[in-house]
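For reference, the chains in residue letters:
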Amino acid sequence: MARHDRRVVVTGLGTVNPLGADVESSWAAARSGVSGVGPITAFDVSETVTKIAAEIPNFDPHDYLEKKDARRLDRYTQFFVASTSQALEDAGLDYRGDDEAATEVGAIVGAGLGGMHSFIEGLDTLRERGAARVNPLTITKLIPNMAAGYASIEFNLQGPTNCTVTACAASANAIGDAAEMIRRGIVDVMVAGGSEAVIVEFAVAAFNSSKALSTRNEEPTRASRPFDAGRDGFVMGEGAATLILEDRDHALARGATIYAEVVGYGMSSDAYHVTLPRPGGAGQARAMTMALKDAGLEGSDIDYINAHGTSTPANDRTETAAIKTALGDEAASTVAISSTKSMTGHLLGGAGALEAMLSVLAIRDGVAPPTINYDEPDPDCDLDYVPNVERPMEIRHAMSNSFGFGGHNVALIFSAPEA
Amino acid sequence: MERAEIESKFTELLVSELGLDADKINPGARFEEDLEVDSLGVVELLMALEDEFDVTIPDEEAENLTTVGEAIDLVVAKLA
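The rules we used
- Residues numbered from 1 in each chain as written.
- Chains lettered and ligands numbered in written order.
- Predicted model: local features only at pLDDT ≥ 70, side-chain atom pairs only at ≥ 80, totals over all residues.
- Heavy atoms only, no water.
- Pairing = 2+ DSSP bridges.
- Helix = DSSP H or I, 4+ residues; strand = E, 2+ residues; numbered from the N terminus.
- Axes fitted to C-alpha atoms, helices over the stretch in contact; angles between N-to-C directions.
- Contact = heavy atoms within 4.5 Å.
- Buried area = accessible area lost by both parts, 1.4 Å probe.
- Salt bridge = Lys/Arg side-chain N within 4 Å of Asp/Glu carboxyl O.
- Polar contact = N/O pair within 3.5 Å; in protein donor to acceptor, adjacent residues only side chain to side chain.
- Parallel < 35°, antiparallel > 145°, perpendicular 65-115°, else oblique.
- Left-handed = near helix turned anticlockwise from the far one by under 90°.
- Nonpolar A, V, L, I, M, F, W, Y, C, P; charged D, E, K, R; others polar.
- Buried < 20%, exposed > 50% of the residue type's maximum accessible area, 1.4 Å probe, protein only.
- Core = buried A, V, L, I, M, F, W, Y, C linked by side-chain atoms within 4.5 Å.
- Expected span 1.5 Å × (residues − 1).
- Patch = residues over 30% accessible without salt bridge, like charges linked within 9 Å, V, L, I, M, F, W, Y side chains within 5 Å.
- Areas by Shrake-Rupley, 256 points an atom, 1.4 Å probe, with all protein chains shown as cover.
- Phe/Tyr/Trp six-rings, centres within 6.5 Å; stacked < 30°, edge-to-face > 60°.

Any chance you could explain the sheet that holds strand S10 (residues 336–338) of chain A here in plain terms?
Through backbone hydrogen bonds, the strands of a sheet pair up, either in parallel or in antiparallel fashion. Residues and elements named next belong to chain A. Spatially, S5-S4-S6-S7-S1-S8-S14-S13-S9-S10 is the arrangement adopted by the 10 strands of the open sheet, whose pairing is mixed. Two strands in the sheet have a free side with no partner beyond their single neighbour: strand S5 (161–164) and S10. Strand-to-strand twist of the sheet, defined as the mean angle between neighbouring strand axes without regard to direction, takes the value 25°. One ladder, built from 8 bridges, connects strand S1 (residues 8–16) with strand S7 (residues 239–247); its direction is antiparallel. Paired with Val8 across the strands is Asp247, a residue of S7. Contacts from helix H12 (residues 313–327) reach strand S9 (304–306), S10 and strand S13 (397–404), with the element oriented near 135° to S13.

For this particular structure, what's the right way to read the interface of chain B and chain A?
Think of interface size as the accessible area that goes away when the parts come together; that is how it is often given. Chain B puts 14 residues into the contact, and the matching count from chain A is 11 residues. Approximately 1,100 Å² of surface area, both sides summed, lies buried where chain B meets chain A, with 45% of it carried by carbon and sulfur atoms. The largest contributions to the chain B side of the interface with chain A come from Leu40, Glu44 and Met47 of chain B, which together make up 44% of the buried area. Arg129 of chain A is the salt-bridge partner of Asp51 of chain B, the closest N and O atoms lying 2.8 Å from each other. The interface formed by chain B and chain A holds 9 residue pairs in polar contact (both at pLDDT 80 or more) in total. Per-element tally for the side of chain B that touches chain A: the top contributor is helix H2 (residues 39–53) of chain B, with 7 residues.

Mind showing me how you'd approach the packing of helix H11 (residues 282–295) of chain A against H12 of chain A here?
Angle between the axes and distance between the axes: these two values describe a pair of packed helices. Residue and element names in this part refer to chain A. Across the interface, H11 lies against H12 with an axial gap of 8 Å and an inter-helix angle of 40°. Comparing their axes, H12 and H11 come out oblique. Read as a crossing pair, H11 and H12 show a hand that is right-handed. Facing Gln284, Ala285, Met288, Thr289 and Leu292 of H11, the residues of H12 in contact are Asn315, Thr318, Glu319, Ala322, Ile323, Thr325, Ala326 and Leu327. Taken together, the residues that form the contact of H11 with H12 break down as 7 nonpolar, 5 polar and 1 charged.

Would you mind going over the environment of Asp21 of chain B with me for this structure?
Residue and element names in this part refer to chain B. Within the fold, Asp21 resides in the loop between helix H1 (3–18) and H2. According to the relative accessible area criterion, Asp21 is partly exposed, its value standing at 42%. Along the sequence, Asp21 and Val43 sit 22 residues apart, while their C-alpha atoms lie 19 Å from each other.

How should the pairing of strand S8 (residues 260–269) of chain A be read in this particular structure?
Regular strands place side chains that alternate from one sheet face to the opposite one. Residue and element names in this part refer to chain A. Counting buried positions along S8 yields 8 of 10 residues, so the element is predominantly enclosed. Bridge analysis of S1 against S8 gives 3 bridges, and the strand direction is antiparallel. Within the sheet, the bridge partner assigned to Val10 lies in S8 and is Ala260. Pairing analysis gives 8 bridges linking S8 to strand S14 (residues 408–415), with the strands arranged antiparallel.

What exactly am I supposed to notice about helix H7 (residues 146–155) of chain A here?
Note that an α-helix has 3.6 residues per turn; residues three or four places apart therefore point the same way. Residue and element names in this part refer to chain A. H7 sits mainly inside the fold: 8 of its 10 residues count as buried. What H7 keeps buried is the set Met146, Ala147, Ala148, Tyr150, Ala151, Ser152, Glu154 and Phe155. Buried residues along H7 sit in contact with helix H2 (67–70), helix H3 (75–91), strand S4 (105–110), helix H6 (138–142) and S5. Residue Asn156 follows H7 closely and has a positive phi angle near 55°.

Can you help me understand the nonpolar core in this one?
One broad rule of soluble globular proteins: the nonpolar side chains tend to lie buried together. All names here are of chain A. Val10, Leu13, Ile175, Leu243, Leu245, Met357 and Phe414 are the most contacted members of the largest nonpolar core, which totals 50 residues. Top element by residues in this core is helix H15 (residues 351–365). It accounts for 10 residues. Counting 33 residues, the second largest nonpolar core, distinct from the first, contains Tyr76, Val81, Ala87 and Ala148.

Any chance you could explain the pattern of salt bridges here in plain terms?
Once their charged atoms are close, side chains differing in charge can pair, the charge on each being opposite to the other. All names here are of chain A. Going through the model one piece at a time under the given rule, you end up with 37 salt bridges over all chains. Close ionic contact of Asp69 with Lys68 constitutes a salt bridge, the shortest N to O distance being 3.6 Å. Residue Arg231 is joined to Asp316 by a salt bridge in which the shortest nitrogen-to-oxygen separation is 3.5 Å. In this pair, Arg231 sits in the loop between helix H9 (201–209) and S7 while Asp316 sits in helix H12, placing the two residues 85 residues apart along the sequence. Each member of the pair, Arg231 as well as Asp316, is classed as buried. One salt-bridge network, in which partners are shared between bridges, spans Arg216, Glu219, Arg222, Arg225, Asp228 and Asp375.

Whenever I open this one, helix H5 (residues 116–129) of chain A confuses me. Can you help?
All names here are of chain A. Over its 14 residues, H5 extends 19 Å from the first C-alpha to the last, a length consistent with the 20 Å expected when each residue adds 1.5 Å. Those residues of H5 that fall on the buried side of the exposure criterion are Met116, Ser118, Gly122 and Thr125. If you follow the buried residues of H5, they end up packed against H6 and H9. A positive backbone phi angle near 100° is found at Gly130, which sits one or two residues after H5.

For this particular structure, what's the right way to read the packing of helix H1 (residues 23–31) of chain A against H15 of chain A?
Residue and element names in this part refer to chain A. As a packed pair, H1 and H15 sit with axes 11 Å apart at the nearest point and diverge in direction by 80°. Considered as vectors, H1 and H15 are oriented roughly perpendicular to each other. Here Val23, Glu24, Trp27, Ala30 and Arg31 of H1 lie close against H15, whose contacting residues are Met357, Leu358, Leu361, Ala362, Arg364 and Asp365. Looking at the contact of H1 with H15, its residues break down into 7 nonpolar, no polar and 4 charged.

Please explain a nonpolar patch on the surface as it appears in this structure.
Residue and element names in this part refer to chain A. A surface patch of nonpolar side chains, about 230 Å² in accessible area, is lined by Phe119, Leu123 and Leu126. Here Leu126 shows up in helix H5. Exposure remark for Leu126: the relative accessible area of 32% places this residue in the partly exposed category.

Help me understand the packing of aromatic side chains, please; the structure alone is not making it clear to me.
How two aromatic rings sit relative to each other is given by the distance of their centres and the angle of their planes. All names here are of chain A. Enumeration over the complete set of coordinates arrives at 5 aromatic pairs over all chains. Plain terms: the ring middles of Phe59 and Phe79 are 4.8 Å apart, the flat faces sit at 75° to each other, and that makes the pair edge-to-face. Of this pair, Phe59 sits in the loop between strand S3 (52–53) and H2 while Phe79 sits in helix H3, placing them 20 residues apart in sequence. Take Phe59 and Phe79: they sit in the same class, and that class is buried.

Following this line, the structure appears as structure tokens:
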């Protein structure tokens, strides 16, 4: 079937993230404005400037993996196995033992950094005990494509698989690229998502050096404050989210529950700086405009935007300007915008997928989740950020923005399913 | 070190280092076919054995190991 003749819908969701170990508990926490941020427990923070993060407490990979398999995977891949197990079950799809059907399902999974825990562990072993003691699984644990690779092994996904590594836009790219595979008629179903687990001393130190992280150590739950005048950087989070994308006819034929339709995908590059967004947000705006065009929508059609909203001074100011450019000043002034990173922290390579999931749930339940810790308006951030309290409202079309170091800009648009 | 002690430590290593089920481990068990230990797992096991028993097992000696019993024999010989 010709390109774009096929429509793509979301039929399954799964997640582990700082707000919850499944979709509904995470969504309930996001709606009620719970912060997932706290003091870092993963390592001794005496040497790092930032001492807070949004960790997943008590994650047990053995809920999803046999012991002999779990120990061969980095934490980030374990997260993705968990979210994907949930999502496939939610969609009512299981390809294990069905090698014929398995060729009609693929996986595209984003990761920013990959298996950082395993990288550090391997390097420590090298330094402390010598080259001969470096574990033979070090490479397979740390490579950033292993979430996609292992998901294909664990769940028997034999179609196209790929890994997107566009930093904090990685899993938004994964969802957009996966949708394209279905639109083009390559396969009927795609597992799409992302994962990250880099709350390690090395990464915190490095992000501190680049001045990206909040240092509001004394008030962890108030540290991630996107669009607020007092914001001072992002808060690292960890976790994974998986969306099952499916050809709409395929989903209808099997009577699947449809959460939303994927209608728009846009991306652009700032071509400007390794960390900073291009001032004025022209690049970010072009990603949004491209997604609108792809969806056949006007800026005024967008009811809700799940912003990238990192809580860094530069991102939130620039994204605000970009939304005005892309939607037009009038539509920008009325659209409900929130940054759920205020609660989840920044999942980096996992952020786009988690936020796409929350956007889809916002459509399903007719509720915009809040931006928490919004106390003091910033003159440069003068739009409606759904401050502090969720807002019941009809959401027909939701946009989810993700921007990554390197200047990668991605916008996705989801629409309510046709009745 | 007595052979029984070596066997017992060996089993502990297979459980702790490779995550294997203790019930399946016996001298006749084959690494690949019975225990699903692949080539990477064998390398992990050899490293663990070298650390635990303070022996050196060159690759050419390791290549011939197919069962738990053979690996134990090798360690016993090294410690003799």
